[in-house]
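A look at the structure
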Amino acid sequence: FYRKTLGIVGLGLIGRAVAQRARAFGMKVLYTQRTRLDPAAEQALGVQWRPLDDLLAASDFVSLHHRFQEGPEGNDKQIGAHELARMKPTAYLINTARGRLVDDDALVAALQNGQIAGAGLDVFRYEPLPPDHPFFALAGPRLILTPHVAGAPMIEAWQTIAEELVELLQETDR
């Protein structure tokens, strides 16, 4: 990890915690999100903003930490064939955010043809994964699958989940 570049998509609470840990390993940290931080905040966090395509091309590791949004302006399958093609062949994609952010078929193809070095997935489009899902055939050193536990030790992650649940319930009652 030392002196590698980490690209973070979504610099919220968890993205910032990841950035802090990455800097401890001497990593350069790039980020992208809908609203760019002001320069003072970027400097304080030790991060540099890049458009998504540039972040993908420059990063050794791309870690997803943003929310899923439905609809025509949403981000379903935001990381697809185009985005994976922008990544270095030595790069790794890490998704601990939402499974629907990644196009499963495009990721399978990218892993099969060596377009990227590997991926780590903690979330999936369908949970649990169907037994015949192609990820299982690729699981191993180049594709690490975990059962949606990445945020479990973080109190802040559970707080966010609780707040979002309350918001959803309030919206449903209206």
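Cut-off values and rules
- Residues numbered from 1 in each chain as written.
- Predicted model: local features only at pLDDT ≥ 70, side-chain atom pairs only at ≥ 80, totals over all residues.
- Heavy atoms only, no water.
- 1 Å grid on protein atoms, 1.4 Å probe; cavity = no way out; pocket = protein on both sides within 12 Å on 5 of 7 lines; lining within 4 Å.
- Points joined across faces, edges and corners; volume = space filled by probe spheres on them.
- Nonpolar A, V, L, I, M, F, W, Y, C, P; charged D, E, K, R; others polar.
- Helix = DSSP H or I, 4+ residues; strand = E, 2+ residues; numbered from the N terminus.
- Expected span 1.5 Å × (residues − 1).
- Buried < 20%, exposed > 50% of the residue type's maximum accessible area, 1.4 Å probe, protein only.
- Contact = heavy atoms within 4.5 Å.
- Pairing = 2+ DSSP bridges.
- Right-handed = clockwise from strand over helix to strand, strands pointing away.
- Phe/Tyr/Trp six-rings, centres within 6.5 Å; stacked < 30°, edge-to-face > 60°.
- Core = buried A, V, L, I, M, F, W, Y, C linked by side-chain atoms within 4.5 Å.

1. Observations regarding the layout of surface pockets
Reported here for the second largest pocket is a volume of approximately 500 Å³. Lining the second largest pocket are 18 residues, and of these R67, F68, R98, E164 and L168 sit closest to its centre. Residues of the lining of the second largest pocket, tallied by class, amount to seven nonpolar, three polar and eight charged.

2. A look at helix α1 (residues 13–24)
Between its terminal C-alpha atoms α1 stretches 17 Å, which fits the 16 Å expected from twelve residues at 1.5 Å a residue. For α1, every residue scored as buried is listed here: G15, A17, A19 and A22. On its buried face, α1 sits against β1 (5–9), β2 (28–32) and β3 (47–49). G26 sits one or two residues past α1 and shows a positive phi near 75 degrees.

3. Focus on the pairing of β1
Within β1, five of the five residues are buried, leaving the element largely enclosed by the surrounding structure. Judged by which residues are buried, β1 turns out to be covered on both faces: T5, G7 and V9 on one side and L6 and I8 on the other are all buried. Here five bridges tie β1 to β2, and the two strands are oriented parallel to one another. Its bridge partner being in β2, L6 is matched across the sheet by V29. With α1 bridging β1 and the parallel β2, this β-α-β connection has right-handed handedness.

4. Structural notes on the packing of aromatic side chains
All chains considered together, the criterion is met by two aromatic pairs. Note on F124 and F135: the rings are 6.4 Å apart at their centroids and 55 degrees apart in plane angle, and the pair reads as tilted. With a gap of eleven residues between them, F124 in the loop between β6 (118–121) and α6 (134–138) and F135 in helix α6 connect regions that are remote in the sequence. Its relative accessible area of 11% is what places F124 among the buried residues.

5. A closer look at the nonpolar core
In summary, soluble globular proteins display a tendency toward joint burial of nonpolar side chains. In terms of nonpolar packing, the biggest core is built from 27 residues, with L64, L84, L93 and L107 touching the most fellow members. Counting residues per element, this core draws most heavily on helix α5 (residues 104–112), which supplies five residues. Setting aside anything within four residues of it in sequence, one finds L64 in contact with V9, I79, L93, I94, N95, T96, A97, L101 and V102. Core analysis: the next-biggest nonpolar cluster, separate from the first, contains twelve residues, L11, M27, Y31 and F61 among them.

6. What about the pairing of strand β4 (residues 61–64)?
Residues F61 and S63 line one face of β4 and the alternating positions V62 and L64 line the opposite face, and both faces are buried. For β1 and β4, the ladder comprises four bridges, and the chain directions are parallel. In the sheet register, I8 faces β4, and the bridge partner there is S63. Pairing of β4 with strand β5 (residues 92–95) involves four bridges; the strand directions are parallel. Across the sheet, F61 pairs through a bridge with Y92, a residue of β5. Taken together, β4, helix α4 (residues 81–86) and β5 form a β-α-β motif whose crossover is right-handed.

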